[in-house]
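In case you want the letters, here they are:
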Amino acid sequence: MAASKILQNEYKALSQEKWVNVELNNDDIFNWNVALIVINPDSLYYGGYFKAKMNFPHNYPYTPPSFQFNRALFHPNIYADGKLCISILHAPGDDEMSGESAGERWSPAQRVESILLSIISLLDDAECSSPANVDAGVMLRKNTEGFKKKAKADVEKGKEDIPAGFVMPTHESTARIPEKPVDDREFWVDSDDEDDFGGSDTDAEMTEDGNDGLPDDEDQEEGDDEDPENEDDETL
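Residues numbered from 1 in each chain as written. Predicted model: local features only at pLDDT ≥ 70, side-chain atom pairs only at ≥ 80, totals over all residues. Heavy atoms only, no water.

## Remarks on the UniProt feature "active site" (unreviewed entry) in the chain
The sites that carry the UniProt feature "active site" (unreviewed entry) are, in the present numbering, C85. Among the structural elements, C85 can be located in the loop between β4 (66–69) and α2 (112–124). On the accessibility criterion, C85 (23% relative accessible area) is partly exposed. Here C85 is in contact with N77, Y79, L122 and A132, once residues within four sequence places are set aside. (UniProt positions renumbered as here; feature names shortened; annotations may be inferred. Helix = DSSP H or I, 4+ residues; strand = E, 2+ residues; numbered from the N terminus. Buried < 20%, exposed > 50% of the residue type's maximum accessible area, 1.4 Å probe, protein only. Contact = heavy atoms within 4.5 Å.)

## Section: the sheet that holds strand β3 (residues 49–55)
The strand order β1-β2-β3-β4 describes an open sheet built from 4 strands, whose pairing is antiparallel. Each having just a single partner strand, β1 (20–25) and β4 make up the two edges of the open sheet. Each neighbouring strand pair of the sheet contributes to a mean axis angle of 25°, computed without reference to strand direction. With 7 bridges joining them, strand β2 (residues 28–37) and β3 adopt antiparallel strand pairing. (Pairing = 2+ DSSP bridges. Axes fitted to C-alpha atoms, helices over the stretch in contact; angles between N-to-C directions.)

## Quick word on the packing of helix α1 (residues 3–14) against α2
Relative orientation of the contacting elements α1 and α2 amounts to 50°, with a least axis distance of 10 Å. Relative to α2, the element α1 lies oblique. Judged by residue contacts, L7, E10 and L14 of α1 engage V112, E113 and L116 from α2. (Parallel < 35°, antiparallel > 145°, perpendicular 65-115°, else oblique.)

## As for the environment of P61
Turning to its location among the elements, P61 is positioned in the loop between β3 and β4. Taking the C-alpha atoms as reference points, P61 and P108, separated by 47 residues in sequence, lie 4.9 Å from one another.

## Notes on the nonpolar core
Judged by nonpolar contacts, the single largest core of 46 residues is most densely connected at W32, Y45, M54, F67, F69, V112 and L116. Listing elements by their share of this core, those giving two or more residues are α1, β1, β2, β3, β4, α2 and α4 (144–158). With near-sequence residues (within four places) excluded, Y45 lies in contact with V38, F50, L73, F74, H75, L123, D124, F147, A151 and V155. (Core = buried A, V, L, I, M, F, W, Y, C linked by side-chain atoms within 4.5 Å.)

Put into structure tokens, the structure is as follows:
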């Protein structure tokens, strides 16, 4: 399948998601404008709207796309220009220099959704061993409260990019409403209102025939044989 066809399918699927806002740049399927929306209430970046650009190679998915935030976040794994240091966007195969295994890096099995979810996860699970932003890495380790204030400031800056009329999703608005459990008692109440599981038809026949559902002539013959002593009395 051609890269454009794959990307069209992925774009269509992501357009239905609440946690990301996607649009094509100049109707080019290989150039996307995306906005990551953090709807996890436990996240330090909850309520964030972070715009970015994604550019896809024409041999996608064999080669990973590029990703760059429009506004650089103060984060250990985000460079000053908004680009990311994240394994999933690195070229396929083992890398002895970085120590990354092929399983950590890009593979053709990955998709745009997995990239974006990995980036959202990275925000709260920073890798500080080899930071892209050394100052952010040091602050996260030594001054957690100061880092949290920086993160909150980035969330507020990102809100400036929310399109007019766009309704920001929340954890509550995106949570699935559990289905109402079936109450067995309702089944039995409904069943009691029925004609006793079809038994009423038989009862009606028995009432009409005066017996157990046998035809009227058979009931009569059976009734004639019931009391032979009465016949003797009439003859006498």
